[in-house]
Amino acid sequence: GGQDPIDANLEVADQDGYGSLGSAMTEASGVFTFPSTGYWLVIYNWTYQPANYSNDCSCWIDGTIDNGSNWVEQTRQWTAGSGSSEIDKVAVSATAIIDVTDTSNVKVQFGWSINTGGAGTRTTYGDSTRQETGFTFLRLADT
C-alpha cells in the first residue's frame with residue numbers, strides 16, 4: 001500500500017510548549033502552502049510498524065514550483081526489512097530545504113510506500129499529544 005499525498009488525520013501541534021512564529025502553513029488535499037517566501041527547512045517524520053518483517057518502506061517529500069502541475073521528489077528515505085520475526089516500530093525522517101520564491105506556486109506534499117512483497121500491511125502511528133508522524137516547517141532566511 002501507499003499514501004501519496006498524506007491528506008487525512010492531520011492537526012496543528014497544540015501541546016504545552018509548542019511554539020510558532022508568524023503565519024501557519026495551510027493544507028488542502030494533502031498539499032501544503034507556505035505562508036511566506038524564503039528558504040524553508042521541511043522535516044517529515046514517519047513512524048510505522050510493518051505487519052511483515054521483510055517489508056522495505058520509504059517516505060518522501062515532493063515539491064512543485066508550478067502549483068501542482070509537476071511534482072518532483074525532493075528527498076526519499078528508505079528502511080529495510082529486519083529479516084527477523086521481531087516486528088518493532090520504525091521511525092524514518094526525510095528533510096529538504098525548499099526555496100519558496102512564490103507562495104502561490106511553490107508547495108510540498110508528503111507520501112509513503114511499503115514494498116509488501118505480495119503480503120503484509122503497515123500501521124502508521126500518530127498521536128494528538130506528541131508527534132509520531134508529522135511535519136515540521138522552519139523558515140531559515142530570505143530567498
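Criteria and thresholds
Residues numbered from 1 in each chain as written. Predicted model: local features only at pLDDT ≥ 70, side-chain atom pairs only at ≥ 80, totals over all residues. Heavy atoms only, no water. Core = buried A, V, L, I, M, F, W, Y, C linked by side-chain atoms within 4.5 Å. Buried < 20%, exposed > 50% of the residue type's maximum accessible area, 1.4 Å probe, protein only. Contact = heavy atoms within 4.5 Å. Phe/Tyr/Trp six-rings, centres within 6.5 Å; stacked < 30°, edge-to-face > 60°. Helix = DSSP H or I, 4+ residues; strand = E, 2+ residues; numbered from the N terminus. Patch = residues over 30% accessible without salt bridge, like charges linked within 9 Å, V, L, I, M, F, W, Y side chains within 5 Å. Areas by Shrake-Rupley, 256 points an atom, 1.4 Å probe, with all protein chains shown as cover. Salt bridge = Lys/Arg side-chain N within 4 Å of Asp/Glu carboxyl O. Pairing = 2+ DSSP bridges.

Caption draft 1: Highlighting the nonpolar core. Counting residues in each nonpolar core, the largest one holds 23 residues, and the members touching the most others are Phe34, Tyr44, Ile61, Ile98 and Phe110. The contact partners of Tyr44, leaving out residues within four places of it in the chain, are Ile6, Cys59, Trp60, Ile61, Val92, Ser93, Ala94, Phe110, Gly111, Trp112, Gly134 and Phe135.

Caption draft 2: Molecular detail of the packing of aromatic side chains. Taken as a whole and judged by the stated rule, the model has 11 aromatic pairs. On the numbers, 5.3 Å between centres and 55° between planes, the contact of Phe34 with Trp40 is tilted. Between the aromatic rings of Phe110 and Phe137, the centroid separation amounts to 6.1 Å while the plane-to-plane angle is 70°, which identifies the pairing as edge-to-face. On the criterion of sequence distance, the pair formed by Phe110 in strand β8 (residues 107-115) and Phe137 in strand β10 (residues 134-141) is long-range, its members being 27 residues apart. Given a relative accessible area of 0%, Phe110 falls into the buried group. Grouping aromatic residues by their ring pairs yields a cluster made of Phe32, Phe34, Trp40, Tyr44, Phe110, Phe135 and Phe137.

Caption draft 3: Local environment of unusual backbone geometry. The backbone of Asn9 shows a phi angle near 60°, a positive value even though the residue is not glycine. Within the secondary structure, Asn9 sits in the loop between β1 (2-3) and β2 (26-28). Here Asn9 falls in the exposed class, since its relative accessible area comes to 81%. Located in the positive-phi region is Asn67, a residue other than glycine, with phi close to 60°. Taking the relative accessible area as the measure of exposure, Asn67 reaches 45% and is therefore partly exposed.

Caption draft 4: Structural detail: a nonpolar patch on the surface. Among the surface-exposed residues, Tyr39, Ile97, Leu138 and Leu140 lie close enough to one another that they form a single nonpolar patch of about 380 Å² accessible area. Within the secondary structure, Tyr39 is located in strand β4 (residues 38-50).

Caption draft 5: Layout of the pairing of strand β5 (residues 56-64). Most of β5 sits inside the fold, with 8 of its 9 residues counted as buried. As paired elements, β5 and strand β6 (residues 72-79) share 7 bridges and run antiparallel to each other. Within β6, the residue paired with Ser58 across the bridge is Trp78.

Caption draft 6: Main features of the environment of Thr47. When you line up the elements, Thr47 lands in strand β4. By relative accessible area, which is 11% here, Thr47 ends up buried. The spatial distance from the C-alpha of Thr47 to the C-alpha of Glu132 is 5.7 Å, given a sequence separation of 85 residues. Excluding residues within four positions of it along the chain, Thr47 makes contact with Lys89, Val90, Ala91, Thr123, Thr124, Tyr125, Glu132 and Thr133.

Caption draft 7: Here's a closer look at the environment of Thr129. Tracing the backbone through its elements, the reader meets Thr129 in the loop between β9 (122-124) and β10. Taking the C-alpha atoms as reference, Thr129 lies 7.7 Å from Asp14; in sequence the two are 115 residues apart.

Distances and angles like these do not, on their own, reveal function.
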